[in-house]
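Chain by chain, the residues:
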Amino acid sequence: MRLKDKVAVVTGGAQGIGRAVALGMGREGAQVVVADLQAEKAQSVANELRALGAEAAAIEVNVANESSVQRMAKSTLERFGRADILVNVAGIYYPKASVVELSEEDWDRTIDINVGSNFLCCREFVPAMRAQQSGRIISLASGIGHYGMRQFAHYAASKAAVIGFVKALAREVGPDGITVNAICPGSANTSMPRQHRSEEEVMARLRATPLPHVLEPEDIAGPILFLASAAAAYITGQSYNINSGSYMF
Amino acid sequence: MSQVALITGGGGGIGGAVARRMAAGGIAVVIADYDGQAAKKVKDEIVGAGGAADAFALDVTVAHKVKTLVTDVEKCFGRIDILANIAGGSAYTKRIEELTWAQWKEVMDVNLKGTFLMCREVAPIMQRQKSGRIINTASNYGVTGSALRTPYAAAKAGIITFTKSLALELAPDSVLANTVAPGPTDTPRVMEKESAEARRGRWWPNIPLGRTAVPQDLAEMYYFLTTPESAAITGQTFHVNGGVVMP
């Protein structure tokens, strides 16, 4: 049990990669806060965690809303007394639109949810980590933040921004014993790519990687657990690609 | 049956820590080092702690010696699951006009050619097994460059791209190849050249995490790259450097 007695907050923990991270944290002995906009689904992941013997709480949060994030952080710290690990998974992918057709509202929404959330959540939890002189922050970026994707300029920009944010924050909080890193997944077997592709297309793309290995949420969760563990104490400001070899940066 | 790892440079600071970490994880380790005595010392330590280990002297720049060792290891253990190429180093800090052709070749050979020769012999074994993990060693200097270390930086940059190409080549057989890029690390070899105090003064203020690495920091990353948790990772470069470089 690599994370015994640690308190871990996973935003976007109700489904997909976030759910795999939350369950993995619980299996490693952490007490887990499943923070998600989808309260019912978050509750059911918290129930799964309890069934594994882990202490867990589900908290409804809109990660792009300042007061909502503040409430989530406050109830986490009231209930568990500390926060050791923050995993920023919550994010959106859709809509698909070329730059000239993208509305200002959709631009703002993508940037706010994908990277504004990192700012709001880190701002709330860094003081507690700083007081402990230890902490782990891991943010979900994307390979698309490196190589871009047509009709997803808003998404690519938001994920590249996550990488820049992570590097800057790593420099800021390194002296306090807090590490900050990003994970850049390739396309994974979750609901996200199914928002704009058929099932057949999704599976064909997932199987088209150099490595004959369909990327599952657990493949992304594993490296996140490693970064959250004592073994990764000397790693900060990095963005690691997990993508079955589809992209090598 | 336990997994088998072949570790070059396994008698050195980082290599020794990697061998000990893998052995602690239940992997049988074959330690190869230019300095056969150093390899044996790490082996004895691991065996003394209840692990499985063997040790050999090896010059990774000599093709026929590499071939013989890899053949012997496969014969003896029946398989090779992990290859960690850690042998290497930056023997010279010299201005380019002061570097001889022989010195240039020496640094390129021990770092880049040694990695190539080892991979060339081990990859077919892993391809037959339809599984394997190759972990090569670069350096943050392979990305940033470093004054007075032109051959070392070139060799390490070469290892990063060599590994990406190899990863693409071996992926259809589920053989993974990744690179670990250490930053400033307190190994006996570098500590010999500089006092601990001078080293602290030079490095620590420039590192976000406020210290240089110990070999164990690196060993954990090599070990992670042998586990099922890293099954979807290939062709990537893992910088472990306290934040001194964030590519």
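Look up: the structure comes first, before these words.
Residues numbered from 1 in each chain as written. Chains lettered and ligands numbered in written order. Predicted model: local features only at pLDDT ≥ 70, side-chain atom pairs only at ≥ 80, totals over all residues.

**Re the overall build of chain A**
Let me state the cut-off plainly: Numbering of helices and strands runs from the N terminus; a helix is a DSSP stretch of H or I covering at least four residues, while a strand is a stretch of E covering at least two. Here the globule rule is a power law, 2.2 Å times the number of residues to the power 0.38, and the radius of gyration is based on C-alpha atoms. The burial criterion counts other C-beta atoms lying within 10 Å of a residue's C-beta, which is placed from the backbone; the residue is buried at 20 or more, exposed at 12 or fewer, and partly exposed between these limits. Here contacts are defined at the residue level, using C-beta atoms placed from the backbone and a cut-off of 7 Å between them.
Looking only at helices and strands, chain A has 8 helices and 7 strands in total. Rg of the C-alpha trace for chain A: 17 Å, near the compact-globule value of 18 Å for 249 residues, within the 12% margin. Burial statistics for chain A: of 249 residues in total, 55% are counted as buried. The contacts in chain A between residues at least 6 apart in sequence include a share of 71% that link residues at least 24 apart.

**Here we look at unusual backbone geometry**
Generally, phi is negative for residues other than glycine and the peptide bonds are trans, each holding for most cases. Cis geometry marks the peptide bond from Tyr-94 of chain A to Pro-95 of chain A; its omega dihedral reads 5°. Structurally, Pro-95 of chain A is set in the loop between strand E4 (85–88) and helix H4 (104–132). For Asp-5 of chain A, which is not glycine, the phi dihedral falls at a positive 65°. Structurally, Asp-5 of chain A can be placed in the segment before strand E1 (7–11). One non-glycine residue, Ser-174 of chain B, lies in the positive phi region at around 60°. With respect to the secondary-structure elements, Ser-174 of chain B resides in the loop between helix H6 (150–170) and strand E6 (175–182).

**Describing helix H1 (residues 16–27) of chain A**
Residues spaced three or four apart along an α-helix point in a common direction, a consequence of the helix completing one turn every 3.6 residues. Residues and elements named next belong to chain A. Spelled out, the test is: Every helix has an expected span of 1.5 Å times one less than the residues it contains.
The first and last C-alpha atoms of H1 sit 17 Å apart over 12 residues, in line with the 16 Å expected at 1.5 Å per residue. Of all 12 residues that make up H1, 10 are buried, and the element is covered over most of its length. The set of residues buried in H1 consists of Ile-17, Gly-18, Arg-19, Ala-20, Val-21, Ala-22, Leu-23, Gly-24, Met-25 and Gly-26.

**Re the sheet that holds strand E3 (residues 53–57) of chain B**
All names here are of chain B. The cut-off we apply is this: Two strands qualify as a pair provided DSSP detects at least 2 bridges between them. With axes taken as lines fitted to C-alpha atoms, and helix axes fitted only over the stretch in contact, angles between N-to-C directions fall between 0 and 180 degrees.
A sheet is described by the order of its strands in space; here 7 strands give the open sequence E3-E2-E1-E4-E5-E6-E7, paired in parallel fashion. Edge strands, defined here as strands with exactly one partner in the open sheet, are E3 and strand E7 (237–240). Strand after strand, the sheet turns through a mean of 15° between neighbouring axes, direction not considered. Note: strand E1 (residues 4–8) against strand E2 (residues 28–33), 5 bridges, orientation parallel.

**A few points about the sheet that holds E4 of chain A**
Residues and elements named next belong to chain A. Reading across the sheet, the 7 strands line up as E3-E2-E1-E4-E5-E6-E7 and stay open at both edges, with parallel pairing between neighbours. Edge positions in the sheet fall to strand E3 (56–60) and strand E7 (239–242), since each of these pairs with one other strand and no more. Neighbour-to-neighbour, the strand axes of the sheet open up by a mean angle of 20°, direction not taken into account. Of the strand pairs in this sheet, E1 and E4 are connected by 4 bridges, and their pairing is parallel. Within the sheet, the bridge partner assigned to Thr-11 lies in E4 and is Asn-88. Across the sheet, helix H3 (residues 66–80) is in contact with E1, strand E2 (31–36) and E3; its angle to E3 comes to roughly 160°. Sheet strands in contact with H4 are E1, E4, strand E5 (135–140) and strand E6 (178–185), and its direction is about 170° off that of E4.

**Here we look at the nonpolar core**
Worth spelling out the cut-off: Buried Ala, Val, Leu, Ile, Met, Phe, Trp, Tyr and Cys residues form a nonpolar core when they are connected through C-beta atoms within 7 Å.
Ranked by internal contacts, the top residues of the largest apolar core, which has 157 residues, are Ala-8, Val-10, Val-32 and Val-34 of chain A together with Ile-7 and Val-29 of chain B. With 9 residues, the single largest contributor to this core is helix H4 (residues 101–129) of chain B. Excluding anything up to four places from it in sequence, Val-34 of chain A contacts Val-10, Gly-13, Ala-14, Ala-22, Ala-42, Val-45, Ala-46, Ala-56 and Ala-58 of chain A. In terms of nonpolar packing, the next biggest core, distinct from the first, is built from 5 residues, Tyr-93, Ile-144, Phe-152 and Ala-156 of chain A among them.

**With respect to the interface of chain A and chain B**
Using the following cut-off: Residue polarity is assigned by list, with Asp, Glu, Lys and Arg as charged and Ala, Val, Leu, Ile, Met, Phe, Trp, Tyr, Cys and Pro as nonpolar; anything else, Gly included, falls into the polar class.
With 29 residues of chain A at the interface, the matching set in chain B holds 27 residues. Looking at the side of chain A that touches chain B, the elements with two or more residues in it are helix H6 (153–173), helix H8 (217–228) and E7 of chain A. Among the residues forming the side of chain A that touches chain B, the class breakdown is 17 nonpolar, 9 polar and 3 charged.

**Notes on the pairing of E2 of chain A**
All names here are of chain A. Put simply, the rule is: Here a crossover is taken to be right-handed if, once the strands point away from the viewer, the path from the first strand over the helix to the second is traced clockwise.
For E2, the buried fraction is high: 6 of the 6 residues fall into the buried class. Here E2 shows a buried face lined by Gln-31, Val-33 and Ala-35 and a second buried face lined by Val-32, Val-34 and Asp-36. Traced from E1 through H1 to E2, the parallel crossover comes out right-handed. Read from E2 through helix H2 (residues 39–51) to E3, the crossover connection turns out right-handed.

**Structural notes on the environment of Asp-109 of chain B**
Residues and elements named next belong to chain B. Turning to its location among the elements, Asp-109 is positioned in helix H4. With 19 C-beta atoms counted inside 10 Å, the residue Asp-109 sits in the partly exposed group. Once the C-alpha coordinates of Asp-109 and Thr-185 are considered, the two residues, 76 residues apart in sequence, prove to be 22 Å apart. Not counting residues up to four positions away in its chain, the partners in contact with Asp-109 are Thr-61 and Gly-114.

**Looking at the environment of Gly-53 of chain A**
Residue and element names in this part refer to chain A. The topology assignment puts Gly-53 in the loop between H2 and E3. Assessed through the 9 C-beta atoms surrounding it within 10 Å, Gly-53 is described here as exposed. On a C-alpha basis, the gap between Gly-53 and Ser-191 in space is 27 Å, while along the polypeptide they are 138 residues apart.

**Structural notes on the packing of H4 of chain A against H6 of chain A**
Residue and element names in this part refer to chain A. Rules: Any angle that is under 35 degrees is reported as roughly parallel, and any over 145 degrees as roughly antiparallel; angles of 65 to 115 degrees are reported as roughly perpendicular and all others as oblique. Left-handed describes a crossing in which the near helix is turned anticlockwise from the far one by less than a right angle; the clockwise case is right-handed.
Where H4 meets H6, the closest approach of the two axes is 9 Å, and the angle between their N-to-C directions is 15°. With respect to their mutual orientation, H4 and H6 come out roughly parallel. In this structure, H4 crosses over H6, and the sense of that crossing is right-handed. Across the interface between the two elements, Asp-106, Trp-107, Thr-110, Ile-111, Asn-114, Val-115, Asn-118, Phe-119, Cys-122, Val-126 and Arg-130 of H4 pack against His-154, Tyr-155, Ser-158, Lys-159, Ala-161, Val-162, Phe-165, Leu-169 and Val-173 of H6. Of the residues assigned to the contact of H4 with H6, the class counts are 12 nonpolar, 5 polar and 3 charged.

**Looking at the pairing of E2 of chain B**
Residue and element names in this part refer to chain B. Burial analysis of E2 places 6 of its 6 residues in the buried class, which makes it a mostly covered element. Of the two faces of E2, the one holding Ala-28, Val-30 and Ala-32 and the one holding Val-29, Ile-31 and Asp-33 are both buried throughout. By the bridge criterion, 5 bridges tie E2 to E3 in an arrangement that is parallel. Counted as the bridge partner of Val-30 is Asp-54 from E3.

Fair warning: the whole summary comes from geometry, so function is off the table for now.
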